[in-house]
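Summary of structural features
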Amino acid sequence: MKLYNTLSRKIEEFKPINPSLVTLYTCGPTVYDYSHIGHMRAYVVNDLLKRTLKFLGYKVKHVMNITDVGHLTGDDDTGEDKLEKGAKKTKKTVWDVVKFFTDYHFKSTDALNILRPDIICAATEHIKEMIEMIKKLTTNGLTYETKEAVYFDVSKFPTYGKLSGQSLSEKLKGARQDVYVDPKKKNKADFALWFKRVGRFADHSMHWQSPWGEGFPGWHIECSAMSMKYLGENIDIHTGGIDHIPVHHENEIAQSEGVIGKQFVNYWFHYNFLMVDNQKMSKSLGNFYTLDDIKKHNIDPLALRYLFLQSHYRQLANFTWKSIEAANEGLNKLRAIIADLKPSSNESYESDKSQSFTQRFNEALANDFQIPQALAVAWEMLKSDLSSKKKLDLLFDFDRVFGLKLDVISKEKIPEEIIKLAEQRKLARKNKNFSKSDELRKKINALGFSIEDLENNKFKLKTLN
Ligand SMILES: [Zn+2]
């Protein structure tokens, strides 16, 4: 399998450290607000990577953190604390905020059939490990302490900037003037390992004892500490959004390699953003959508997953209501084809042809993970003259990567009660009584099913997610 490695800026052959178990770390959500569809794209991409590795025969150990402390509104330690700000805004405690948005996050990822990581670890439950790591960095002469914080001194780490390709001198240039900066901070790119509960953070509600006084950890140290705890010093793949490259991931490298004295991550895997109507998603533009907005439009959450399959992870993806509706239709079409494929028992053997589809599917995956191409192979296979049975076998196999729950759709039984309602609706439509048919559709939806109208007054029922 070949993967693009941000560190080398090249597509490389993937060689795991231990061939029998791939170690994978993902920077998880900061749980101070609703996870939106942009986040969902990121986690679908992670999921596709993991499923692809498994499909190609690897075992995977996947760790993801939950940032529930220390992430300020600026990734470079500037501004307010995101969690404290969220708590103030919603008039809840920080702990309530964390619980609420963590639950929301997993509710959304479950609806998109994203496999949960093997280990999900909260930063606040690993303060001890972070303190130990800061102590080691201090012993190695890589830190300094001011009245306000303990910082990592990037000037002592000569390879700082290797991931983003920015030179250290570039990173050290003048501090930003528009935000608060500790007057004793030496270099602009130095970052906090530990914030003391003084000054701007005197009222910080989350705090712990440490050798540097009461306080809380900086954002970056959690990933270094937890990745090492659960996956060891040197890991295979570390994933995250491209926005993490210049600050968060550079800092993770500096911290981890500052402790272990050797390479931390072999493959840095970064995905691009999701745009909405070709614009950056933001609350002020009113184009900040969550999964609830998708459901309100009567669109199956898995249609969002299907939409994300259509763009390569290193490209910008674009969401429009038109594109999600088209994806919803595409997915329903796929389900309709599956429902119509009735395997017969007396089919001839046709391994050659099916093998060529499998081979092309695998090749697409192995070539820096070309999911859109793999999806095209699946459609081509469905339109081929393979037997129904073979088509279903192949499609369900491919769906181990796509994760569209296609086998569930074909196996599920629709209750009689729902079918009756659908028949009544069909009659109402025939009589052009559209208010009645609308009412019945709502009733069917409320009972957890969706109904799709097909040609010749036929319909198709399926469970809603
Ligand atoms: Zn991280």
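Structure first, text after, so check above.
First, a word on scope: everything that follows refers to the structure included in this document. (Residues numbered from 1 in each chain as written. Predicted model: local features only at pLDDT ≥ 70, side-chain atom pairs only at ≥ 80, totals over all residues.)

**Considerations on the overall build of the protein**
We count it as follows: Each helix is a run of DSSP H or I of at least 4 residues and each strand a run of E of at least 2, with the numbering of both proceeding from the N terminus. In this description the radius of gyration comes from C-alpha coordinates, and the expected globular size is given by 2.2 Å times residues to the power 0.38. Any residue with 12 or fewer other C-beta atoms within 10 Å of its own C-beta is exposed, any with 20 or more is buried, and the rest are partly exposed; the C-beta atoms used are placed from the backbone. Any residue pair is listed as a contact if its two C-beta atoms, each placed from the backbone, are within 7 Å.
The helix and strand tally for the protein stands at 16 helices and 16 strands. Here the C-alpha radius of gyration of the protein, 25 Å, is about what a compact globule of 465 residues would show, namely 23 Å. The C-alpha extent of the protein, read off along each of the three principal axes, is 75 × 55 × 35 Å. Considering the protein as a whole, with its 465 residues, one finds that 42% of them fall into the buried category. A separation threshold of at least 6 residues defines the contact pool for the protein, and within that pool the share at least 24 residues apart is 72%.

**What about the packing of helix α1 (residues 37-55) against helix α9 (residues 301-308)?**
The relative placement of two packed helices is expressed as an angle between their axes plus a distance between the axes. So the rule is basically this: Angular values range over 0 to 180 degrees, each being the angle between N-to-C directions of two axes fitted as lines to C-alpha atoms, with helices fitted over their stretch in contact. By definition, turning the near helix anticlockwise from the far helix through less than a right angle yields a left-handed crossing, and turning it clockwise yields a right-handed one. The classification used treats Ala, Val, Leu, Ile, Met, Phe, Trp, Tyr, Cys and Pro as nonpolar, Asp, Glu, Lys and Arg as charged, and all other residues, Gly among them, as polar.
Running from N to C, α1 and α9 cross one another at 65°; their axes reach a closest spacing of 10 Å. For the pair α1 and α9, the crossing hand works out as right-handed. Contacts between α1 and α9 involve Ile 37, Met 40, Arg 41 and Val 44 from the first element and Leu 304, Arg 305 and Phe 308 from the second. When its residues are assigned to classes, the contact of α1 with α9 shows 5 nonpolar, no polar and 2 charged.

**Observations concerning the pairing of strand β2 (residues 10-13)**
In plain terms, the rule: Any two strands with at least two DSSP-identified bridges between them are counted as paired.
Relative to β2, strand β1 (residues 2-5) is paired through 4 bridges, and the arrangement is antiparallel. Within the sheet, the bridge partner assigned to Lys 2 lies in β2 and is Glu 13. The turn joining β1 and β2, which pair antiparallel and follow one another in sequence, is formed by 4 residues; a positive phi near 60° is taken by Arg 9.

**A word on the pairing of strand β8 (residues 191-196)**
Every regular strand shows the same layout, with side chains that alternate between the two sheet faces. With respect to burial, β8 is a largely interior element, 6 of its 6 residues being buried. Bridge analysis of strand β7 (residues 149-152) against β8 gives 4 bridges, and the strand direction is antiparallel. The residue of β8 that forms the bridge with Val 150 is Trp 194. Across 3 bridges, the pairing between β8 and strand β9 (residues 215-217) is antiparallel. Bridging from a neighbouring strand, Phe 195 pairs with Phe 216 of β9.

**Some points on the environment of Lys 283**
Following the sequence through the fold, Lys 283 ends up in the loop between β13 (279-280) and α8 (291-296). For Lys 283, a count of 9 C-beta atoms within 10 Å corresponds to the exposed category. Considered as a pair, Lys 283 and Ser 256 are 27 residues apart in the sequence and their alpha carbons are 35 Å apart.

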